[in-house]
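# Coordinate analysis (summary)
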Amino acid sequence: MTPVSVKAELKIGSIRRGGPLTSSVRNIAGSFVAARKEARALSGFPGDLPSNLTESYRVQDEAIALWPDEVAGWKIGRVQPHQVGPLGAERLAGPVFKHHVWIAPRDSEVTFPIYEGGFAAVEAEYVFRIGKDAPPEKTKWTRAEAIDLIAAMHVGVETAGSPLATINDLGATVVVADFGNNHGLILGPEVPNWQAKLEGGLTAETFIEGESVGKGSAGVADGPLDALVFLLEHLAARGKPLKAGQLVTTGAVTGVHDIRVGQHSRVSFNGSGDILCAAVKAAPNGKGFA
């Protein structure tokens, strides 16, 4: 484990750090998995906070093994700027599970479950559908090599969520530990001629209850393709290379927008349609709704 300096401690802020994890990886992962299955909020992090991302991904891997579903893809998120230096990473990753992928019908609303008392948000995403298995022995990637794996790009909405309401406040090590703060993906239509459109810049806007809460854009510079390169190298190092058919959400285009039970959202992708969705209370079974 790489120790965290006093200076790094101050940069991280009020996060409690205890050196090596004194509560077991399995216990932390099990607590998150149980809370998700039971649709039950957690009052705090269930153990000592991981002091680095290596510890966090150990918890995530254990939780993936405990979760009764197949990994259908991966979400990519940003590490908060004040943690980039101390943690040595700009991006993070978490699994998206098969039973929490929903197809967005045209002009019709998708309902998605959230943990009442926990954290919930909607995030506008450009989503790559992978067309080829990544070679397991390949650990370094270029944009051009990453493009060769892509079957299509779609618009989508990541339904971020965790039983822990303070997950984002506690920072990237906690986000990673709980599935990357992912609770699902609403997959929208394919973006035709996506490479040219990405080159020209793609824009999106998110609305909650009819009010605009964020606008943003994605392009070639430090955009979806760079996110995919990160993920390919990251998963290769974890022994989990990307597979054909998996979906990759490449980062929140308009920001992370909190949503509550009963609220409705519309995400408008300029030239690629809208996705309509509504948050409902999660049922205590890990897959459905109340």
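Look up a bit, the structure's there.
Quick look at the structure, then. (Residues numbered from 1 in each chain as written. Predicted model: local features only at pLDDT ≥ 70, side-chain atom pairs only at ≥ 80, totals over all residues. Heavy atoms only, no water.)

The axes of two packed helices give the description: the angle between them and the distance between them. The N-to-C vectors of helix H2 (residues 25-37) and helix H3 (residues 53-66) enclose an angle of 50 degrees; their axes lie 8 Å apart at closest approach. As summarised for this structure, H2 and H3 are arranged oblique, according to the angle between their axes. As H2 runs across H3, the sense of the crossing is right-handed. Touching Val25, Arg26, Ile28, Ala29, Gly30, Val33 and Lys37 of H2 are Arg58, Val59, Glu62, Ala63 and Leu66, all from H3. The residue inventory of the contact of H2 with H3, partitioned by class, reads seven nonpolar, one polar and four charged. (Axes fitted to C-alpha atoms, helices over the stretch in contact; angles between N-to-C directions. Helix = DSSP H or I, 4+ residues; strand = E, 2+ residues; numbered from the N terminus. Parallel < 35°, antiparallel > 145°, perpendicular 65-115°, else oblique. Left-handed = near helix turned anticlockwise from the far one by under 90°. Contact = heavy atoms within 4.5 Å. Nonpolar A, V, L, I, M, F, W, Y, C, P; charged D, E, K, R; others polar.)

To continue, consider the environment of asparagine 285. Within the secondary structure layout, asparagine 285 lies in the segment after strand S13 (273-281). Since its relative accessible area comes to 46%, asparagine 285 is described here as partly exposed. Spatially, the C-alpha atoms of asparagine 285 and alanine 35 are 10.0 Å apart, while their sequence positions differ by 250 residues. (Buried < 20%, exposed > 50% of the residue type's maximum accessible area, 1.4 Å probe, protein only.)

The buried fraction of strand S7 (residues 182-190) is high, at seven of nine residues. Note that strand S3 (residues 101-103) and S7 share three bridges and pair parallel. Directly across from isoleucine 103, in S7, lies its bridge partner leucine 187. Where strand S6 (residues 150-162) lies against S7, five bridges are found, and the strand directions are antiparallel. Counterpart to valine 157 in the pairing with S7 is isoleucine 186. (Pairing = 2+ DSSP bridges.)

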